[in-house]
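Given next are the chains, with one letter for each unit.
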Amino acid sequence: MANVEINLPLPVLPEGWAGEKDFKPVGSLSKTNDRKIEPVGPHFLAYARRVRHKRTFSEDERIQAQANVKSVEEEDPDDIDEPEDPQMLLREAKDWKSQDHYAVLGITRHRWRATEEQIKRAHRRKVLKHHPDKRAAAGGTEDDQFFKCIQKAHEVLSDPVRRRQFDSVDEAAEVDPPSKKDTQKGNFYKLWGKVFEAEGRFSTKQPVPKLGNAKSTKEEVESFYNFWYNFDSWRSFEYLDEDVPDDGESRDQKRHVERKNNAARKKKKTEDTARLRHLVDDALALDERIKLFRQAEHAEKNKRRFAKEAEQKRLAEEAAKAKEEEARLAKEAEEAEKAQKAEGKKAKEAAKNAAKKNKRVVRGAVKDANYFHGAGDAPASQVDAALNDVDAIIAKIDNTELATLAGKLNSEKDAGKIKEIFKAEDERLGLNSKSLA
Amino acid sequence: MSAQTDPAQRVAIGISFGNSYSSIAFTSSEGKAEVIANEDGDRQIPSVLSYVEGEELHGGQAKSQLVRNAKNTVAYFRDFLGQDFKSIDPTPAHQSAHPVESESTVAFKIRDSEAEEENAVTVGDITTRHLRRLRSSASDYLGKDVNAAVVTVPTNFSESQKEALKSAAKEAGIEVLQFINEPTAAVLAYDARPDAQLTDKTLVVADLGGTRSDVTVIASRGGIYTMLAAVHDFDVSGSKLDQVLIDYFAKEFIKKHKAAGDPRENERSLAKLKLECESVKKALSIGQSANFSVESLAGGVDFTATINRTRYDLLGNKLFAAFTRLVSHAVEKAELDPLDISEIILAGGNSHTPKVAAAVGAAFPETTAVLAPSTSPTAINPSELAVRGAAIQASLIQEFEAEDIEQSLHPMVTVTPHLSTAVGVLLISGDESNGVFHAIVDAETPLPVRRTATITTPREGGDVLIKLVEGSRHIKVTKPEPKPKAEKADDDSEDESEDEEEEEELREKTWKIGSAVSETALRGIKKGAKVEVQINIANDLSVTALFREIGGKGGVRGQVQGKAS
Ligand SMILES: Nc1ncnc2c1ncn2[C@@H]1O[C@H](COP(=O)(O)OP(=O)(O)O)[C@@H](O)[C@H]1O
Ligand SMILES: [Mg+2]
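The present account deals with the structure reproduced in this document. None of the values given here were measured: they were computed from a predicted structure.

## Section: the site of ligand 1
Residues and elements named next belong to chain B. The environment of ligand 1 is formed by 17 residues, the closest being S20, Y21, E278, K281 and S285. In the model, an oxygen atom of ligand 1 is placed 2.8 Å from a nitrogen or oxygen of the K281 side chain. Protein coverage of the free-state accessible area of ligand 1, which is 570 Å², stands at 88%. No other element matches helix 6 (residues 267-286), which puts four residues into the shell around ligand 1. In the shell around ligand 1, the residues fall into one nonpolar, 13 polar and three charged.

So this is what it looks like as structure tokens:
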């Protein structure tokens, strides 16, 4: 039968794809809707033949199938008859401007919310009920005044432009703002919500944001009030115009009325804009959320301030502590240095003394070794030379070496050995002292 | 006479029985539907009967009696049939015999015999007389005694209305083989044309008749039709359009002949005015202007005037707009978007009016074809759509036993599951990593269904993956880029026009990929070869599919379980 041509390429098989016999069921189809097909045309007949082929249907199946039929012509469950005010039934068509068109059609439960279809159905019901022929048949008069009211109501409500004009001044649709006292009983959202819902009917921009509740976020609340402070309303007031006299009257008279009407419309519009502004002001003033947001903001600010102050305090304290610590450390360092200095002095002193002592030992050893002269009194020249040479050695060596030298010499009394020690030291230093040669 | 004829003896026609007009048609041996003209040469036969000194006038002749003999002229009665007095709207019959309550039915008090007194003739009897005349016109034309018919009815015709019509027909010697819905008949009339292509589409049948308007949304899948939504409006109608012209010409008349009075306030003048306005309206469907001419319209004054089409378009504007809204509303009620509608079939006599087609067309995207005389040279005459469909259906079923027909109409056969989403395959497209969806079976297709698709493969061939998935239609809306301000706007007039041509947002029909059903591998496809996918979906939603390379050997078969019942 029907063949579909698809002119885009299929994807390449991904690496590693596997399926039993190259097929893999992965899901099932979404559920279906039972509908009645139209038993018309050659394709239906072919279908019916296939369905009925060698089959008989049980009574149960038949009943079930019958029950499954969903008709597109189903009655609207909304079709209810509102009670008719007997006073309203006596209205005259000439007073159509002052009639409540929604009441005449029996849809006061919908009013501006009524869909076009609801209006149509309501009108149809009223026509069937109040047609003058039926009144006459029911033994009534042929009075068709209310029927004409019905037609007027339909004329207005089925024309989008005229319906707006009427909706603009439909007092029964108005929801007055609640008193301050009422909202204080915790009904703010319920009562004002209704007010805003009703006012929202005039909005060119749809959908209109909702008042929300205590849980609404700040952004939501803010955008709500922003919307209402920038409200774009289609409300207009020509429905309340004074009738312009028809051809009979003079042109001037006509123009006069028209001018008057225009001025009145403008005035009412201005008043309405101001009214709405006040209304929003009032709601805003009573809106707990605004206070809460402000409080929260305050609290937040305070919190931030506290935090900032605490931080500053902490920083100051920390700085002071740091300073203290620094001073302490400096002092300690100073003391340590002092101590070290003292210690150093002592050590130096000791070293100096030790060196002195060692020098004395060394020099004493020279004497003990008879100034390297061998036997007999050493001549003065030899004494001088030996002492000079030893002094040269002492000058060349540091205190440690001096101590070592002194250590070696300390217990030595043998002149030869002493000379040997000096000679070794002299050679180590490469002095080649004559007195030791 | 028995109305249950032996199928072999049947001579069946199609009948469209409207409140304003009726028509009869038969299907020729070549399978072509032909609308039959009556003795007066009318193919649109007014559904009117009139009695003059016991003589019964019918059709156009009866209609002209509305001027002198309104009380004995019965018109606009179809919707009264099978109803109790409480549930009818007598308004359309205001200028003819008024309906009255008669036991559980509706009757007309008319002098239908030579005798002086009035008889209460029930609407059933009136219908029988009307159908008898239609039958005899058809029999005369065909040279055979017509004894059966398929009759069209509005979609909201109740069982009791059908019962009443059936028995009235039986009285007239006509066995009603089947009642079919008017909009469906219209679709069938189009689909039965030899050059018609059988494609799946969703269409709207918008019928602007004489006393009401009816709009229906129909899914057409493989030649099977399912109604998705229907809306009706009894205040948007041809007679309301006539009224617009009546008011216009009455005012013109009063302007010129003040002393003669308002022709609308005198019954006879009003009747003349109404008849003439209807013909002016019809003339404006073809010509750019039309003449109005009535002898002795009121106060003995003759009146002639002209009107051009633009004026009429303007006068009827509110009604055209209301009709258009009704069409849009029907689409909404079917939970569809204007982009889903491929065709709008305009039906009913007033669809001859070019402005009707223009107004409806303007509410839909360019992809929606409007089938009306003014928009499509191949459009079928909107006044003949229903009757043609009925004649075709009559030829299809006239050989069946009545019992057989009845069985096929039972919900056991006609109620069937329809897919809630489309089913198709995933393909490669340039930019989307996810692939794109292409439907093989559309949503609202009745089950069981079998469809075949031919799919291109990658240029190099090789191994391919065929993923069956569900897809739901998604309307992508692109807001226009705010246009950079024009360099300079010197004169004021330019400023104004700028506001008007505010750019519209771009709306497109796209697919959202839904859940996957199966995956299949086809291996070693030849370079440039094509793949064929055949899917069968059974009533229990089980899917059997065959995937193969066209011209290749073998292929892959697969099955996905349906829901356990
Ligand atoms: N050529 C035409 N141009 C405009 N209107 C037409 C034309 N032919 C018929 N009509 C109008 O169409 C209506 C009748 O349409 P039809 O579909 O036959 O109605 P019904 O279903 O009420 O019998 C009448 O209002 C008639 O004036
Ligand atoms: Mg019709």
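## Observations regarding the pairing of strand 22 (residues 436-441) of chain B
Residue and element names in this part refer to chain B. Burial analysis of strand 22 places five of its six residues in the buried class, which makes it a mostly covered element. Where strand 21 (residues 422-427) meets strand 22, five bridges bridge the pair, whose relative direction is antiparallel. When the sheet's bridge partners are listed, G424 is paired in strand 22 with A439.

## Quick word on the interface of chain A and chain B
In this complex, chain A contributes 69 residues to the contact, which on the side of chain B involves 104 residues. Between chain A and chain B lies a buried interface of about 8,000 Å² when both sides are counted; carbon and sulfur atoms form 59% of it. Here chain A is connected to chain B by nine salt bridges. Residue D22(A) pairs with R523(B) through a salt bridge whose shortest N-O separation is 2.9 Å. Remark: the boundary between chain A and chain B carries 43 residue pairs in polar contact (both at pLDDT 80 or more). Here the residues of the side of chain A that touches chain B are counted per class, giving 33 nonpolar, 15 polar and 21 charged. The pairing of strand 1 (residues 3-6) of chain A with strand 23 (residues 449-456) of chain B spans four bridges and is classified as parallel.

## Looking at the nonpolar core
Residue and element names in this part refer to chain B. Ranked by size, the top nonpolar core spans 51 residues in total, and within it V204, V215, F249, F292, F323 and L346 carry the most contacts. Residue contacts for F292: discarding those within four places in its chain leaves F249, L273, E276, C277, V280, L297, F303, T304 and A305. The next biggest cluster of nonpolar side chains, apart from the first, holds 46 residues, and it includes V35, V187, I380 and M412.

## A short note on the sheet that holds strand 14 (residues 213-221) of chain B
Residue and element names in this part refer to chain B. Reading across from one edge, 15-14-13-18-19 is the order of the five strands in this open sheet, with mixed pairing throughout. Pairing within the sheet leaves two strands with one partner each, and these edge strands are strand 15 (224-233) and strand 19 (369-371). Across this sheet, the average inter-strand angle for adjacent strands is 20°, counted without regard to direction. Note that strand 14 and strand 15 share nine bridges and pair antiparallel. Counted as the bridge partner of D214 is H232 from strand 15.

## Quick look at unusual backbone geometry
Omega for the bond connecting Q206(A) with P207(A) falls within 30 degrees of zero, at -5°, which places this linkage in the cis form. Turning to its location among the elements, P207(A) is positioned in the loop between helix 9 (180-199) and helix 10 (218-229). Following L447(B), the chain continues into P448(B) via a peptide bond in cis, with omega recorded as 0°. Turning to its location among the elements, P448(B) is positioned in the loop between strand 22 and strand 23. You will see that R111(A), though not glycine, has its phi angle at about 45°, which is positive. Topologically, R111(A) is positioned in the loop between helix 4 (101-104) and helix 5 (116-130). With phi around 50°, N432(A) is a residue other than glycine that occupies positive phi space. Summarising the element assignment, N432(A) is placed in the segment after helix 15 (415-429). Residue class for N432(A) comes out exposed when judged on its relative accessible area of 62%.

## Remarks on the packing of helix 10 of chain A against helix 11 (residues 251-286) of chain A
Residue and element names in this part refer to chain A. The interhelical angle for the contact between helix 10 and helix 11, taken along N-to-C directions, is 160°, at an axis separation of 10 Å. Comparing the axis directions of helix 10 and helix 11 gives the class roughly antiparallel. Relative to helix 11, helix 10 is oriented so that their crossing is left-handed. Contact residues: helix 10 offers Y225, W228 and Y229, while helix 11 offers L276, R277, V280, D281, A283 and L284. Its residues assigned to classes, the contact of helix 10 with helix 11 shows seven nonpolar, no polar and two charged.

## Overview of the packing of helix 7 (residues 145-157) of chain A against helix 8 (residues 160-168) of chain A
Residues and elements named next belong to chain A. Helix 8 packs onto helix 7 with a crossing angle of 100° between their chain directions and a minimal axis gap of 6 Å. What the angle tells us is that helix 7 and helix 8 run roughly perpendicular. Within the contact between the two elements, helix 7 uses E155, V156 and L157 and helix 8 uses R162, R163 and F166. Grouping the constituent residues of the contact of helix 7 with helix 8 by class yields three nonpolar, no polar and three charged.

## Some thoughts on empty space enclosed by the protein
Overall, the coordinates contain two cavities of 30 Å³ or more when judged by the stated rule. Here the largest cavity defines a volume of roughly 50 Å³. Around the largest cavity, the lining residues are P39(A), F44(A), L45(A), Q178(B), Q393(B), I397(B), F400(B), D404(B), I405(B), S408(B) and L409(B). Looking at the lining of the largest cavity, the element that brings in the most residues is helix 11 (residues 402-409) of chain B, giving four residues. By volume, the second largest cavity is sized at about 30 Å³. Taken together, I15(B), L131(B), V151(B), L165(B), A169(B), I174(B) and V176(B) form the lining of the second largest cavity. The residue inventory of the lining of the second largest cavity, partitioned by class, reads seven nonpolar, no polar and no charged.

What counts, and where the lines are drawn
- Residues numbered from 1 in each chain as written.
- Chains lettered and ligands numbered in written order.
- Predicted model: local features only at pLDDT ≥ 70, side-chain atom pairs only at ≥ 80, totals over all residues.
- Heavy atoms only, no water.
- Near = heavy atom within 4 Å.
- Polar contact = N/O pair within 3.5 Å; in protein donor to acceptor, adjacent residues only side chain to side chain.
- Areas by Shrake-Rupley, 256 points an atom, 1.4 Å probe, with all protein chains shown as cover.
- Helix = DSSP H or I, 4+ residues; strand = E, 2+ residues; numbered from the N terminus.
- Nonpolar A, V, L, I, M, F, W, Y, C, P; charged D, E, K, R; others polar.
- Buried < 20%, exposed > 50% of the residue type's maximum accessible area, 1.4 Å probe, protein only.
- Pairing = 2+ DSSP bridges.
- Contact = heavy atoms within 4.5 Å.
- Buried area = accessible area lost by both parts, 1.4 Å probe.
- Salt bridge = Lys/Arg side-chain N within 4 Å of Asp/Glu carboxyl O.
- Core = buried A, V, L, I, M, F, W, Y, C linked by side-chain atoms within 4.5 Å.
- Axes fitted to C-alpha atoms, helices over the stretch in contact; angles between N-to-C directions.
- Parallel < 35°, antiparallel > 145°, perpendicular 65-115°, else oblique.
- Left-handed = near helix turned anticlockwise from the far one by under 90°.
- 1 Å grid on protein atoms, 1.4 Å probe; cavity = no way out; pocket = protein on both sides within 12 Å on 5 of 7 lines; lining within 4 Å.
- Points joined across faces, edges and corners; volume = space filled by probe spheres on them.

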